[in-house]
Amino acid sequence: MRGGEDKAVNKDGRSKIRALVVDDSMVNRTIHHKLLENLGIENQVVGNGKEAVDAHSSGNYFDLILMDMDMPVMNGIEATRRLRAMGVRSLIAGVTTRSLEQEKQEFMEAGLDDYQEKPLTAAKLVSIIHKINQSSSTPR
């Protein structure tokens, strides 16, 4: 649905990656925001899944969404389902402390492209970003 948006461009002419951090923990939002910022990735933070859905509904586009699973108002599983139902094709990475296989499976089935256990590190983030770069060089 949202494929033809104008993307910000770096000085060297490459598209700049935009990310959305979705987490109810102020500490995690701050850490994820700083990790992204240190990699030169423009990012916005919200505190729950409903705010993530609202951000997309208002016309914002993100290449990457870092989605927590357990949040008030709307959890990450429901938010991921709704974003996919809206036609959002951003890479959505679930980032959570949950490690039970059944919970992970339910989150993946909601429409995740990637799953990482907290704490999110620069190395984990780089591996997620590598997937974005691979998918942008592959015709859809």
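For the structure given in this document, a descriptive report is provided here. Please read these numbers as outputs of a predicted model, since none were measured by experiment.

By the definition in use, this model includes 9 salt bridges. Note that Lys118 and Asp23 form a salt bridge whose closest N and O atoms lie 2.8 Å from each other. Remark: Asp23 occurs in the loop between β1 (18–22) and α1 (26–38) and Lys118 occurs in the loop between β5 (114–117) and α5 (122–137); sequence separation between them is 95 residues. The closest approach of N and O atoms between Glu78 and Arg82, which form a salt bridge, is 2.9 Å. Here the residue Glu78 and the residue Arg82 both occupy positions in helix α3 (residues 76–85), the gap between them amounting to 4 residues, near one helical turn. Look at Glu78 and you get partly exposed, because its relative accessible area is 29%. Through salt bridges with shared partners, one network takes in Asp23, Asp68 and Lys118.

All right, on to the sheet that holds β5 then. Where strands meet in a sheet, backbone hydrogen bonds hold them as pairs that are either parallel or antiparallel. Overall, parallel pairing links the 5 strands, which are arranged β2-β1-β3-β4-β5 in an open sheet. Whereas interior strands pair on both sides, the edge strands pair on one side only; in this sheet they are β2 (42–46) and β5. On average, each strand axis in the sheet is tilted by 20° relative to the strand beside it, whichever way the strands run. Judged from the 4 bridges that link them, strand β3 (residues 64–67) and strand β4 (residues 91–96) form a sheet pairing that is parallel. Paired with Met67 across the strands is Gly94, a residue of β4.

The rules we used
Residues numbered from 1 in each chain as written. Predicted model: local features only at pLDDT ≥ 70, side-chain atom pairs only at ≥ 80, totals over all residues. Heavy atoms only, no water. Salt bridge = Lys/Arg side-chain N within 4 Å of Asp/Glu carboxyl O. Helix = DSSP H or I, 4+ residues; strand = E, 2+ residues; numbered from the N terminus. Buried < 20%, exposed > 50% of the residue type's maximum accessible area, 1.4 Å probe, protein only. Pairing = 2+ DSSP bridges. Axes fitted to C-alpha atoms, helices over the stretch in contact; angles between N-to-C directions.

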